[in-house]
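Structure at a glance
Each chain is listed here by its residues.
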Amino acid sequence: MKTEEELRRDIVEVGRRIWVRGYVAAYDGNMSAKLNDREILITPTTVSKGFMTPEMIVKTDMDGNPIGPGKPSSEIALHLMVYQERPDAAGVVHAHPAISTGFGVARESLETPTMPEVLAHLGSIPLTEYATPATHEVPDAARPFIKENNALLLANHGSLTVGRDVFEAYYRLEIVEHFALITLVAKMLGGQHALTPEQVARVMSMKGA
């Protein structure tokens, strides 16, 4: 199990990667790591995710109350909801990658089963209802989907990925954005060709093999 200092450094590194890859702009995005059953570490509000330091990361209890200095992300309720609904999750990433966010703005999900690798790593990527950012509407919109899915598109509001740690949540974000690009190209070339139910079942039976 990682120490608090190690988890702080992990969040900083994931923030740097997200900023470098252009998945966020300005103060966009937020990420967190579960420290234990009582506390989480989360990115601070109004800070570029590419220029954080471990000391900036905010520790809170499971009600979102800060423990120590700093003000947590305005989307902390979304992260707390994930940890409540998914005891297996210990990392959460919310970002605004341009292509997958474009699908959310167009109100199109990424649920068509076209790539075996995406099915194996993520399964389905559903689209939530629109919710006003930084309000309890956001976790309420995501709640019906989060138990069965590791990645969601938030309508007009980016993506949400969860994992066993913050790095796994980040890697799942990479998969979502890459799949969104492939889907966009397929649409431009004439449309998607979905795998058959039998092909999907075979991929899912091999998952983790």
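The sections below set out a description of the structure shown in this document. (Residues numbered from 1 in each chain as written. Predicted model: local features only at pLDDT ≥ 70, side-chain atom pairs only at ≥ 80, totals over all residues. Heavy atoms only, no water.)

1. Side note on the pattern of salt bridges
Evaluated as defined, the whole model comprises 15 salt bridges. The closest approach of N and O atoms between K59 and E4, which form a salt bridge, is 3.0 Å. With K59 in strand β3 (residues 58–61) and E4 in helix α1 (residues 4–20), the pair connects residues that are 55 residues apart, well separated along the chain. A relative accessible area of 15% places K59 in the buried class. Note that R172 and E168 form a salt bridge whose closest N and O atoms lie 3.5 Å from each other. In this pair, R172 and E168 are both assigned in helix α6 (residues 166–188), four residues apart and thus about one turn of the helix distant. For R172, a relative accessible area of 13% corresponds to the buried category. Connected through shared salt-bridge partners, E85, D140, R143 and K147 make up one network. (Salt bridge = Lys/Arg side-chain N within 4 Å of Asp/Glu carboxyl O. Helix = DSSP H or I, 4+ residues; strand = E, 2+ residues; numbered from the N terminus. Buried < 20%, exposed > 50% of the residue type's maximum accessible area, 1.4 Å probe, protein only.)

2. Observations regarding empty space enclosed by the protein
Enumeration according to the criterion identifies two cavities of 30 Å³ or more in this entry. Considering only enclosed or pocket space, the largest cavity measures out at about 40 Å³ in volume. L110, E111, T112, P113, T114, M115, V118, L119, G123, S124 and F179 together form the lining of the largest cavity. For the lining of the largest cavity, the class distribution of residues is six nonpolar, four polar and one charged. As a volume, the second largest cavity reaches approximately 30 Å³. In this structure, the second largest cavity is lined by T128, E129, Y130, A131, V138, A141, L154, A155 and H157. (1 Å grid on protein atoms, 1.4 Å probe; cavity = no way out; pocket = protein on both sides within 12 Å on 5 of 7 lines; lining within 4 Å. Points joined across faces, edges and corners; volume = space filled by probe spheres on them. Nonpolar A, V, L, I, M, F, W, Y, C, P; charged D, E, K, R; others polar.)

3. Notes on the packing of aromatic side chains
As enumerated under the stated definition, the model contains three aromatic pairs in all. Note on W19 and F51: the rings are 4.8 Å apart at their centroids and 70 degrees apart in plane angle, and the pair reads as edge-to-face. With W19 in helix α1 and F51 in the loop between β2 (39–42) and β3, the pair connects residues that are 32 residues apart, well separated along the chain. With 5.7 Å between their ring centres and 55 degrees between their planes, Y170 and Y171 make a pair best called tilted. Residue class for Y170 comes out buried when judged on its relative accessible area of 2%. Among the aromatic residues, those joined into a ring-pair cluster are F167, Y170 and Y171. (Phe/Tyr/Trp six-rings, centres within 6.5 Å; stacked < 30°, edge-to-face > 60°.)

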